[in-house]
Structure formats: C-alpha cells, structure tokens
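Topology and contacts: notes
Listed below are the residues making up each chain.
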Amino acid sequence: MRLILPLLTLLSSCLISVSPGRAAADLTYEQHIRPIFRQHCFDCHGAEERKEAELDLRLVRFMTDGGESGPAIVSGEPGDSLLIQRIRDGEMPPGEAKVSVEELTLLEQWVAAGAKTARPEPESIGPGLGITPEERSFWSFRPIERPRVPVHDETSRVRTPIDALLLAVMQPRELHFSSDADRRTLMLRAYFDLIGLPPSDEEADAFLSDVAPGAWERLIERLLRSPHYGERWARHWLDVAGYADSEGAGADADRPWAWRYRDYVIRSFNQDKSFDQFIVEQLAGDELAGPKNGDFTEEQIELLIATGFLRTAADGTGSGDNDPSGRNQVMTDTIKIVTTSLMGLSVACAQCHDHRYDPIPQTDYYALRATLEPAIDWQAWKTPEERRVSLYTKEDHERSAEIEKEASKVTDERTAKQSKFIEEALTKELSKYDEPLRTQLRSAYETSGDTRTSDQTALLKKYPSTNITPGNLYQYNQAAADEIKKIDEKISEIRAKKPPHEYVRALVEPSGHIPETRLFHRGDYRQPKFEVSPASLTVAAPENDRTFFSSNDPELSTSGRRLAFAKWLTSGRHPLVARTIVNRVWLHHFGRGIVETPADFGRLGTQPTHPVLLDWLAAEFMEHDWKLSHLHRIIMTSTAYLQTSARSEEFNQIDPDNRYYWRKSLIRLEAEILRDRMLSASKQLDRELFGKPIPIQEDDTGQVVVDESQKRRSIYIQQRRTRPVALMKAFDAPVMVTNCDRRQSSTVATQSLMLMNGGFVLSQAAHMATVATEQVVPLEQRVAKAWQLALCRPPSDVEKEISISFINEQLAAITAEETKLPENVTPDQQAMADLCQVLLTSNEFLYVD
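All residue numbers refer to position in the chain's written sequence, counted from 1. Where totals are concerned, whole chains, interfaces and linings use all residues; where local detail is concerned, this predicted model gives features only for residues with pLDDT of at least 70, and gives and counts side-chain atom pairs only at 80 or more. Only hydrogens and water are removed before side-chain values are computed, so all heavy atoms of the structure are retained for them.

Moving on, we come to the overall build of the protein chain. Think of it this way: any DSSP run of H or I at least four residues long counts as a helix, any run of E at least two long counts as a strand, and we number them from the N terminus. Per the secondary structure count, the protein chain includes 36 helices and eight strands. Its C-alpha atoms put the protein chain at 115 × 85 × 55 Å along the principal axes. Looking at the protein chain as a whole, 52% of its 849 residues qualify as buried. Here the open area of atoms and residues is found with the Shrake-Rupley method and a 1.4 Å probe, where only the protein chains shown may cover a residue. Total accessible area computed for the protein chain in this model is approximately 38,900 Å², and 51% of it derives from carbon and sulfur atoms. The charge count includes Lys and Arg as positive and Asp and Glu as negative, but it does not include His or the ends of the chains. In this description, the location of a charge corresponds to atom NZ of lysine, CZ of arginine, CG of aspartate or CD of glutamate. Each charge class in the protein chain can be summarised by its mean position, and for the 102 positive and 129 negative side chains these summaries are 3 Å apart. Relative accessibility under 20% of the residue-type maximum defines a buried residue, over 50% an exposed one, and the middle range a partly exposed one, all with a 1.4 Å probe and only protein chains included.

Following this line, the structure appears as structure tokens:
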C-alpha cells in the first residue's frame, strides 16, 4: 500500500479537472484554471506585451481589476462575471476552438467558490507566462529519483525489480503473471527482439539442448555480441532520427553520403557505446573532433559522421528551395527531431507563441534555436553540397596530382593531333575555292569569334563547310576522329586511377561564428524581435538555476553551445532524457511504451501506466553507465518478459488491453524484419554489413521495389522520401517526412494483396521450395523441411497431414487447369512453392509470440 499511494498522488497531480468527490472549495487558479487559460486565452491575454482589451488573465487580481470592459470576474458570482458570460455565449475565445463544457463548469465552480489561489500572488510579474510550481510538478518534469522496490513472497515469481514494481500495481487488481513461455518461443522472441533474424538450425539446436543453468542468460549475451544486433537496434534509432537517403523538399535529391551516419549508428550499438556518449557525439561531434590538422584521424571522421544526426531533416535548399522560408524550415525540423528523440517533447507549438499545454515559453524555443544556430545559420546558409566534408588525404592529393600530370601529357598530345587533323581538313576543304576567296575564308576562320567582322561572320555562314570543329571533324576525316576518341579513352583510363573522392554528410560549425538569434514574432522570420541567449528548457532545469550554453573554453574554436547542451542533457539531472530512452527500449521489447506517446511526455501525451517503474528504469540506466545492454538484460530476464502470450479469460475481463502486463503481448514483425525473415527462410539473405544503400526501382506496374538480385538486410535499402518501397510501406515502414517516433501496426487489405501477389513474396516462396526439395526424399520430409525453414520448428502430425493434402490439391488443380508455370518449374515444385507461400504469410511467421 505504501507503493500505491505515491503512484496515486502522482497521477492525481497531473489532472486539471475536478473529480466528482472534490469540493469546489479545493479549486485553485494555479492548478485547475491556469491550464485552461494557457490552452485558450493567454495568447491574447497574457503571453504578449500588449494585452487585448487591456485584460490580463495571468493573476486573479488582474482579472478582478479587469480591462476595457470592466472586471472579468466577480468573486463568488459566476453569473455576474463577464469572463464566464463571454465564454457561455461562445464569443470567447474567438475561432473554432472553444472552451469545453467541462472546462466551463470548472471555471464557474472556481469563481463561485471565491476564485481562490494556491498561495498569495506576487506583487509584480515579469513578461510572459512564467512557470508555476504546479506546472513543474507534472510527472515528466520532476527530477528522477530511484524508487524503493517492494518485497514480495517467493510464490509471486518475482525475478527482477521490474517484476516487483509491476506486481505492486497488478495485485490490487487481482492480477498476476502468466506462466513462462516454452523455450522455443522464448528463443524466437530473443532472436527477433535483439537481432531481427531467426536462428539457424544449429543455433536453435544448441540452445534447446542446453539445459544447464544460465542457458537463457548465455543466449542473451551471444545475441548482444552479434553484429546483427546493431542492425536491429539501429533501425529503431534511425526512425526517430528521421534518417533518409534523399533530401525531401523540392526535387527530393539524392543524399549520396548519408549512409555513413546509418553505419555509424550500427557500429555504435554493436560497440555497446554508452548512450550518453552516443548523444554527445551526435549533437556535438564536430566540436569534440576539433580542427583539422593535416589529415583527419579515424576518430575525427567518426565524430564528424555522428553529426549526421543534425543533418537528417529534409533539406531542399540545394535544389530550388534556398530561400529564407526553406532554410528556416530545416531548422524547425531539426529542432523537432532533437526534442522528440531525446526529450520526449514536441516544442514546435512554442515557435509561434508560448506552448498552449506545456510550460514552454516561446523564449525557450528560440533559446534552443540559439544553441544550434552557429552551425545552422539561416543568414549564412550552406547547401547540402557545401556542407560536405571531404575525406581526401594528403597522399590522395599527391597521388591525384601525379596521375593528372600523366593525363596532361596525353592531353597535350591529343590537342596537337586534333589541331593537325583540323588543319588538314581545313586545307583540303579550302582547296575547293579559288583565290581570293580561299584566303578570305581562312582569315575569317582563324579570327576568333569575338573579333570577327560582320563580313567575316557572313562569309563563314555562306560557306558552312569551312566551319570545321572538333565536334564535326568526323564528317571530314573519320579515321582522325576515331584516333582522337581512342586518346580520350586513354585519358579517362589514366584519370580513373585517381583515388575516388569520398565525403561525410556532417554538420560542422565555422570557427568563431557567433550569430545573433532573435525571437520571431508569431514565428515569422520577417518579424524579428529581441535577442535570445542559448539555454536549456526552463522547466527542465531546477527552479532559478536555468543552464545557459555559452562557452569560454579556450580549447574550442567553436561556440561550444551544442557541446554544453549535450553535456546538460546527459548530466543525469535532466528529467526527460533517460525517461525518454528507457521508454523507447521498453516499447521495442513489449510493443507499447510505459508512456504510449514516446515523443510527447507533456499534457497532450498519455500518462505513464507505471510511473514508478519508469523512474526506476531511468535511474538504473544512468547508474549503469547508460548502457542499453544492461536494460536488455534486466528486461529480458524478468518474468514479465518471459511469460506466455496466452490469454486468460478471467484476466482478460479485468484488463483486456494488457496494460498491467499479466501476459506477454504479441508483436507483429516490422516491415524490414518481415523481408529479412523471408530472405533468411529462403536461404537468400546476404549478411554483409555496412556500405552504400541498395538501389530501388519501379516494376512494370509502377510499384517501387528492390531489385531481385539485392539480398542484403532491409536496413540497407535506399530510403527515398517520395518513393517508398511498396512492401515496406504496406507494412507500416515510415515515409520519412520529418521523423517517426512510433510506428503504427495496421491490418489492411493491401498487406494481404502484397503477400498473395507480391513479386518478392512469390520469389522467396519459390527459392524456399527449391531448398526444401533439393534432396530426393519423401514428401513428408520435404514438408517438414519447409516448416523448419519458415517457422523454425517441425510440423505437428496434423499440420503435416494438412500440408500434404494441400500440396496434392494444388497438384490436381495445376494439372486440371493446365496452369502455365514459370520456365523450368515442374508442377511438383510449384505446389511446394504454394505451400511455402502459405507458411511465409501465416500469422506465426508475421508475429513474434
């Protein structure tokens, strides 16, 4: 009970409405009324320096004093209060968004009870809305404190503190954990959660035959060490980072070097890099790397690549959108990516005015902007191409110069020969004309175009056959033109030996560049107002101790703002960062976050179902060096994770949505993992890591597909914002407009059509059938092989019987209908391919149990 009371207190403090049992006398302006005004009224009557109708709603005494129309409220008399009357009549607020009936009732009750405040009001108040203690007490803005873990008896099956904290919330609802899932189910759960691929037969046999204590823990460690772990978990981060291989906006131009950032993320996860370091590198890698001194070191290159995080926003300024509006949009999207991914907040509302729901003043938005602006300065803009960082080394330059010297010698020979051939052709052509015309034509030809007389120009126009150029030499001497072409090929071959130019898509802040950031009135860059200094969100810092990001570090040639910002985020004192990260990890293990809106920990987001557990995870994460591997271990060894997904009719009545984790929820494979699993089942998967993206193309129907010859994992598929791959899009892979904080999991007809008729699915079914039938064995064994390939298990006797009947029915249908089969495919092979397609599109294949 001692654990439940703090939880209820936390939840109740987040509510703005009055519970049925609360007396109206308990209502206060700060806790119950101010949130309504923030949403509907403060834009005109509080946030700006000029108050509409001279009415200020920020303090109760200001309302009592009133504005141009007199007092806004009369304490104890809601019927005589002008504010209440105007809201009742629908006159206020203006526009379509009105105060709800519940909110109006709350206002009436508060006025009737005497318009009370929680504390004496200050004698004076500064500009803007400020932040009240009530707003600071919202659950996500409170400092993270490690909660006490309750103790349960041995019969409760508590394995980890996670279980203890979950059970404390379950027991009052008469719920408990379900039994553990079987070992094969757990094995597949671990493989798909950690590496996104099924086990090989050898790997499955090794785990299933390992009955020694600690087998499960050893499996987790093996998977965490797998190079494919980084691929699996990088995909989650790339979603929220907004990664794409094209620029979006305008022509959606290619981003030929963005893939280096994708590979950096994969390597970081495979290295088990501390997440605080991961954050700092992405926000300020260039500041950590320091200036270039000779060639970049490998460490510097890695740090520069990391800043690709701040270059993921759509950027059309290199292809026609390079105007102030387009530049500022890049900054807006970058701020959204940073805040939603790292702080679980969308601050976009505060770009134009103080946030209507959360305590984020407009000045805070521009303070964040000031943090980034030395590197992303809309008034000293660089296009994507101009921001590229060359990796050419001194040795590359020297080698290139040597090769160019060699090519220049051949070029000089080519020039001499070409001039000789043209002179010969000209002499031959001029021989057709008598003097003095011959001399006149030669003189006109040899005179450069800008000094020719009008008579000479007219003469050459009259006798066009004398206009001999390198481009038309072939018309006069084909052999000469062919010889020049061979020399050109030789020059190209020589220059092809040069070291190729390679680049990093990075954000690099110019040395000594400190631009002035001004707040834009209503978010309009054409209406700059006062200067804003770089700083943290006010509500995220201790009261009266806001952190400003100005650096006087003499070792930095840059402003140091982003580095200071990154260090503040990862200091362990920020209330949002660790909560945001652990919530995302929980989401990917359980299919739903403790906070179901992972990018909105504010009032418009959902409340945490288990706030005490969330804080324990956040504290545990930071205390263990911000290691994701530690989170994986404590989550995956918990009873909550190990339990079966089977439903209990009794518990389903109490908690049909499984909000209290009395069973493990089914999770459908993401689009990329679905494709990877099909490639694995058909033995077609190419497990090569890293490198340039797999190109995409359109098929005969206009659908965007991956070429059949490309077998690498789906994380390497080129991600164009305007050309999503059809299979990926059908299964809810994000079309990256800005970023994706949480994927949807839809069930729509296009998915069934894609599984039934999609070329990729049919192709993998055929490849899988080939593998299943490569040995001449009885049909029963071929069926068993197909089941093992697809589902990592043999079929039951009933499943085997049904499968054999299905194949026989398909054979009969193919024969009776004289079905036209693909070239070199027999009816037996096609029937087996049909079975394989059924297995590849089954729920057991599509979902992780």
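With domains assigned, the protein chain is organised as domain 1 (4-129), domain 2 (178-225), domain 3 (274-391 + 508-569), domain 4 (394-501), domain 5 (670-745) and domain 6 (756-848). Each domain's limits were defined by an automated method or a database of domain assignments. For domain 4 versus domain 5, the distance between C-alpha centres works out to 49 Å.

Disulfides are defined as pairs of cysteine sulfur atoms found within 2.5 Å of each other. Per the counting criterion, the structure on display carries zero disulfides. No disulfide involves Cys44; its sulfur sits 8.6 Å from the nearest other cysteine sulfur, which is in Cys41. For Cys44, a relative accessible area of 29% corresponds to the partly exposed category.

What follows covers the pattern of salt bridges. If charged atoms from side chains of opposite charge come close, those side chains can pair. Each reported salt bridge corresponds to a side-chain nitrogen of Lys or Arg within 4 Å of a carboxyl oxygen of Asp or Glu. Here the structure, examined in full by the defined rule, presents 56 salt bridges. Between Arg668 and Asp732 there is a salt bridge, and its shortest N-O distance comes to 2.7 Å. With a gap of 64 residues between them, Arg668 in strand β5 (residues 667-668) and Asp732 in the loop between α30 (726-730) and α31 (749-757) connect regions that are remote in the sequence. Of the two residues examined, Arg668 and Asp732, each falls in the buried class. One salt bridge in this structure joins Glu844 and Arg793, with 2.7 Å as the shortest N-O distance. One end of the pair, Glu844, is in helix α36 (residues 843-846); the other, Arg793, is in the loop between α33 (779-791) and α34 (797-816), with 51 residues separating them in the sequence. Sharing partners across several salt bridges, the network here consists of Glu231, Arg675, Asp676 and Arg713.

Under this scheme, a helix contributes an axis fitted over its contacting stretch, all axes are lines through C-alpha atoms, and angles between N-to-C directions fall in the 0 to 180 degree range. The geometry of α33 relative to helix α35 (residues 827-840) is characterised by a closest axis approach of 10 Å and an angle of 30° between their N-to-C directions. Considering the angle they form, α33 stands roughly parallel to α35. The chirality of how α33 crosses α35 is right-handed. Of α35, the residues touching α33 (which contributes Leu779, Arg782, Val783, Ala786, Trp787, Ala790 and Leu791) are Met832, Leu835, Cys836 and Leu839. Angles are sorted into four bins: roughly parallel if under 35 degrees, roughly antiparallel if over 145, roughly perpendicular if 65 to 115, and oblique for all others. It is the rotation of the near helix from the far one that decides the hand of a crossing: anticlockwise by less than a right angle makes it left-handed, clockwise makes it right-handed. Contacts are assigned to residue pairs that have any heavy atoms within 4.5 Å of one another.

Looking now at a negative patch on the surface. Within this analysis, patches are made of residues with over 30% relative accessible area and no salt bridge. Like charges are joined at 9 Å or less; nonpolar side chains (Val, Leu, Ile, Met, Phe, Trp, Tyr) at 5 Å or less. On the surface, Asp201, Glu202, Glu203 and Asp205 cluster together to form a negatively charged patch. Its place among the elements puts Glu203 in helix α10 (residues 201-208).

What follows deals with the environment of Leu106. Locating Leu106 in the fold gives a position in helix α6 (residues 101-112). Considering only alpha carbons, one finds Leu106 and Ile33, 73 residues apart in sequence, at a separation of 7.6 Å.

Moving on to the side chain of Arg720. Note on placement: Arg720 falls in the loop between β7 (704-706) and α30. Here Arg720 falls in the buried class, since its relative accessible area comes to 15%. Two N or O atoms form a polar contact when they lie within 3.5 Å of each other; inside protein one atom must be a possible hydrogen donor and the other a possible acceptor, and for residues adjacent in sequence the pair counts only when both atoms belong to side chains. Of the polar contacts made by the side chain of Arg720, one reaches the backbone oxygen of Asp252; its length is 2.3 Å. In contact with Arg720, not counting residues within four places along its chain, are Ser246, Asp252, Ala253, Asp254 and Ile696.

In this section: the packing of aromatic side chains. Pairing of aromatic rings covers Phe, Tyr and Trp, the last counted by its six-membered ring, and requires centre-to-centre distances within 6.5 Å; plane angles under 30 degrees mean stacked, over 60 mean edge-to-face, and any other angle means tilted. Considering all chains together, one arrives at 28 aromatic pairs under this definition. Taking 5.2 Å as the distance between ring centres and 70° as the angle between the ring planes, the aromatic pair formed by Tyr365 and Tyr366 counts as edge-to-face. Across the pair, exposure class does not vary: Tyr365 and Tyr366 are buried alike. Aromatic rings pair up to connect Trp237, Tyr261, Tyr264, Phe269, Phe275, Phe278, Phe309, Phe621 and Trp626 into one cluster. We note Arg189 situated over the ring of Tyr641; from NZ or CZ to the ring centre the distance is 5.8 Å. Here, a charge over a ring is recorded when the distance from Lys NZ or Arg CZ to the ring centre is within 6 Å and its angle to the ring normal is within 35 degrees.

Let's shift gears to the packing of helix α25 (residues 611-623) against helix α26 (residues 628-636). Running from amino to carboxyl end, α25 crosses α26 at an angle of 135°, the nearest separation of the two axes being 9 Å. In terms of their interaxial angle, α25 and α26 are classed as oblique. With respect to the hand of their crossing, α25 and α26 are arranged in right-handed fashion. Residues Trp616, Leu617, Glu620 and Phe621 of α25 pack against Leu628, His630, Leu631 and Ile634 of α26. Class assignment of the residues belonging to the contact of α25 with α26 gives a composition of six nonpolar, one polar and one charged. The classification used treats Ala, Val, Leu, Ile, Met, Phe, Trp, Tyr, Cys and Pro as nonpolar, Asp, Glu, Lys and Arg as charged, and all other residues, Gly among them, as polar.

Our focus in this paragraph is helix α23 (residues 561-569). In terms of burial, α23 is a largely internal element, seven of the nine residues being buried. Residues of α23 that are buried in the fold lie against α14 (275-289), α16 (324-342), α17 (362-372) and α24 (577-590).

Within the secondary structure layout, Asp193 lies in helix α9 (residues 183-194). Here Asp193 sits buried without a salt bridge, and the closest side chain of opposite charge, Lys664, lies 5.0 Å off (N-O distance). A polar atom in the side chain of Asp193 sits 3.1 Å from the side chain of His589. Residue contacts for Asp193: discarding those within four places in its chain leaves Arg232, Trp233, His588, His589 and Tyr641.

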